[in-house]
Amino acid sequence: MRKHQLKNKKKERDLSVVEKPQKPAQINTKPQTTTTDFYKKHFANDRVISDSQRLGLSEKREVTSLGCVSFFGTGVGEGERDGLNEAGEPEEIPQFLGALNVKERLIPLVQDVVETADLSVDVAAKKELSRKQKRKLNPGHLSPITHSLFPLLNTYKDVFVCSEDLNSVDAEAQARLAYVVHAVNHVLKSRDRVLKNTLKLNKAEEKERSSAAVARKMEGADEKEEQDNDVEESDESDDSEDEQRKKSDDTSTPEYRDQGFTRPKILILIPFKNIAFDVISLILKLSGASQIENKSRFAQEFTVPPEEDGIDPSKPVDFQHDFRGNIDDCFRIGIKFSRRHLKLFSDFYSADIIVASPLGLRMVVGAEGDRERDFDYLSSIEMTIVDRCDMLLMQNWDHVTHLFNHLNIIPKSAHDCDFARIKSWYLDGRASLFRQNIIFSRFNAPEINALITKQAKNVDGRIKISSSYPGSIGEVVVQVPQMFSKLQCVSLQTHDDDRFKHFCNKIIPLMRRNGFDEKGTLIFVPSYLDFVRVRNYLKDQRIEFGELCEYTPQSDISRNRSNFFHKKLSLLLMTERFHFFRRYKIRGVKSLIFYQLPEYPQFYPEVLNSVEKGMDSGCQVMYSLYDRLRLERIVGTGRVTKMMEKETFLFA
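What you are looking at is a predicted structure, and each value in this text was computed from that prediction instead of being measured. (Residues numbered from 1 in each chain as written. Predicted model: local features only at pLDDT ≥ 70, side-chain atom pairs only at ≥ 80, totals over all residues. Heavy atoms only, no water.)

Colleague: Can you help me understand the overall build of the protein in this one?
Modeller: Assigned secondary structure in the protein consists of 25 helices and 18 strands. Across the 652 residues in the protein, those meeting the buried criterion constitute 47%. Within the protein, contacts between residues separated by at least 24 positions form 77% of all contacts whose residues are at least 6 apart in sequence. When the accessible area of the protein is evaluated, it comes to approximately 34,300 Å², of which 49% is carbon and sulfur surface. (Helix = DSSP H or I, 4+ residues; strand = E, 2+ residues; numbered from the N terminus. Buried < 20%, exposed > 50% of the residue type's maximum accessible area, 1.4 Å probe, protein only. Contact = heavy atoms within 4.5 Å. Areas by Shrake-Rupley, 256 points an atom, 1.4 Å probe, with all protein chains shown as cover.)

Structural data, given as structure tokens:
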């Protein structure tokens, strides 16, 4: 009783003591509410694929910084965040990315890249700015495009971007930051999951070995007792076997399916080395690696000396940007992530990310019948990113389709993989259903749509980002009549034949009546196959002409341009690829004929503005029902529907 009273008095004295003020608690920058972790949801091992998850337009909405966003599939709006705080302002980078379940060690690296990004100032002034000054000028928020695009990529749906709002240089860099952050975040999550599960397996195996050793000691100690008590043990043998079976089940090694057949998880296809240099440099900044192997070799192979990087300043701005630096289109490089180490030019089977051009990777993949070919490293690709897909159309599109056809194929050899840890859908041959396909293009095209329809089979659906077009025809300066004539096509299979017949039966006779032998006529043919067809026809008709294509030697190019300007040639054929890679202004053009509209809308006013003004100057354009996408980019979204209903349309 006495002790109890002393305890109560002690408590009273403690309560009467004035407590010292405590230090304020540190503010937790990590948000309290997070969205769905789409990485865990998308790659869940127990996921069941049903027929109800097939694609279908679910919703369409307008996003200010992106354009029109269309959702195909299920789960529209699930886990989305507007990224605004209570005051209606954009969230800071730690709060925004933390809510999207981005790896914590990646968030400060993203913030550092954003805050110290290159500013839109002169080069000399940019060099004089210190790191602190850049941080003050660049707030700690993501740009509007990155802020809107990254949550869409983070859903692990297929994403196709062909918006007019993302065609500028700054918008392209912002979109590139979004997909690089998403790719690095995926690599870090995948690697952390494998390391964590490996640690669990090692502990389980160690526990199993220790329990087996204890069991062996107990068996040796109980041998004598078992010999003395044979009769009693026979009665209890069934119970002991059941107990041992339960113990063995409890100590059995757990199963973790977190790997593929091979290590590479991300494939990034890029047309030129100059873009690859920007992407890989961004990956290096976001890796957080203290040691980067082969960095000097990377800088040497993917850049050019400043004295060799000379572009004619009179060329268009987009040409100067696209063809700056190293424009080699044959390269491939593997990137391997370690804890504090990153290796460039890693072997593909030990790399996490593969960055390559379609031509460079096609040389390794090979074709059927080649002796040396290898594509097993593409068997476990979980994310495919195609940057500047429009430029790949100006190269060899067959390389792109060939590479996609060799993705997620069960390899021919094991390559030292642990089959006990391979994900179930890899073993079932359904890995392509879980692969995220991200495609960036400055415009939409039938070839890209066909690739998406055939290869993009993501079970979570698809997101398409597009926009309306004002039309590049408003940039035409020269005042010449522009006659658009619609040709009749029976079907898509006969489309090329119908176009050629229309050219031979209507355009050539019209050219003869107008006397094309006496004035300069330029025929713009986008496709090289159509170019060869028209060239052979003109040769059969014994019509003298000059040609400008991507395979024409430089000496022939100079001679044909000079002869055409001095009226020694009255007819000139030119392909879109030639204009894409050269961007020459052809002088001496009096009449212009578009065999088919160009893919790039800016090419139409560029070529048309080279026409000399005169009474006999004019422009003829051939288009069909299947040229709607090209026509929309040139005449505008508002006019394309009316022009599809009419046979002819005149712009004066």
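Colleague: In this structure, what is going on with the packing of aromatic side chains? I would like to understand it.
Modeller: All chains considered together, the criterion is met by 33 aromatic pairs. Measuring from centroid to centroid gives 5.8 Å for Tyr 528 and Phe 531, while their planes differ by 25°, and the two rings are stacked. Of this pair, Tyr 528 and Phe 531 both sit in helix H20 (residues 528-540), three residues apart, which is roughly one turn of that helix. Take Tyr 528: its relative accessible area is 26%, and that puts it in the partly exposed class. Owing to a relative accessible area of 0%, Phe 531 belongs among the buried residues under this scheme. Among the aromatic residues, those joined into a ring-pair cluster are Phe 272, Phe 319, Phe 323, Phe 443, Phe 580, Phe 581, Tyr 600 and Phe 603. Note that Arg 297 overlies the ring of Phe 345, its terminal NZ or CZ placed 3.8 Å from the centroid. (Phe/Tyr/Trp six-rings, centres within 6.5 Å; stacked < 30°, edge-to-face > 60°. Lys NZ or Arg CZ within 6 Å of the ring centre and 35° of its normal.)

Colleague: Would you mind going over the packing of helix H24 (residues 628-635) against helix H25 (residues 637-645) with me for this structure?
Modeller: When two helices pack together, their arrangement is captured by the angle between the axes and the distance separating the axes. Contact geometry for H24 and H25: axes closest at 7 Å, N-to-C directions at 130°. By the angle between their directions, the pair H24 and H25 is classed as oblique. Seen along the crossing, H24 lies across H25 with a hand that is right-handed. Contacts between H24 and H25 pair Arg 628, Leu 631, Glu 632 and Val 635 from the former with Thr 637, Arg 639, Val 640, Thr 641, Met 643 and Met 644 from the latter. Within the contact of H24 with H25, the residues separate by chemical class into five nonpolar, two polar and three charged. (Axes fitted to C-alpha atoms, helices over the stretch in contact; angles between N-to-C directions. Parallel < 35°, antiparallel > 145°, perpendicular 65-115°, else oblique. Left-handed = near helix turned anticlockwise from the far one by under 90°. Nonpolar A, V, L, I, M, F, W, Y, C, P; charged D, E, K, R; others polar.)

Colleague: Any chance you could explain unusual backbone geometry here in plain terms?
Modeller: Leave glycine aside and you will find that most residues have negative phi; peptide bonds, for their part, are mostly trans. A positive phi angle, near 65°, is found at Asn 294, a position not held by glycine. Although it is not a glycine, Lys 567 sits at a positive phi angle of roughly 60°. Looking at where Lys 567 falls in the secondary structure, it is placed in the loop between helix H21 (554-565) and strand E15 (571-575).

Colleague: Looking at this structure, I do not really get empty space enclosed by the protein. What am I missing?
Modeller: Regions of empty space are outlined by a rolling probe, equal in size to a water molecule, passed over the atoms. In this structure the tally under the stated criterion is six cavities of 30 Å³ or more. Within this model, the largest cavity holds a volume of roughly 130 Å³. If you go around the largest cavity, you meet 15 residues; those closest to its centre are Leu 166, Glu 172, Asp 387, Phe 440 and Ser 441. Ranked by the residues each element gives to the lining of the largest cavity, the list is headed by helix H8 (residues 169-221), at five residues. (1 Å grid on protein atoms, 1.4 Å probe; cavity = no way out; pocket = protein on both sides within 12 Å on 5 of 7 lines; lining within 4 Å. Points joined across faces, edges and corners; volume = space filled by probe spheres on them.)

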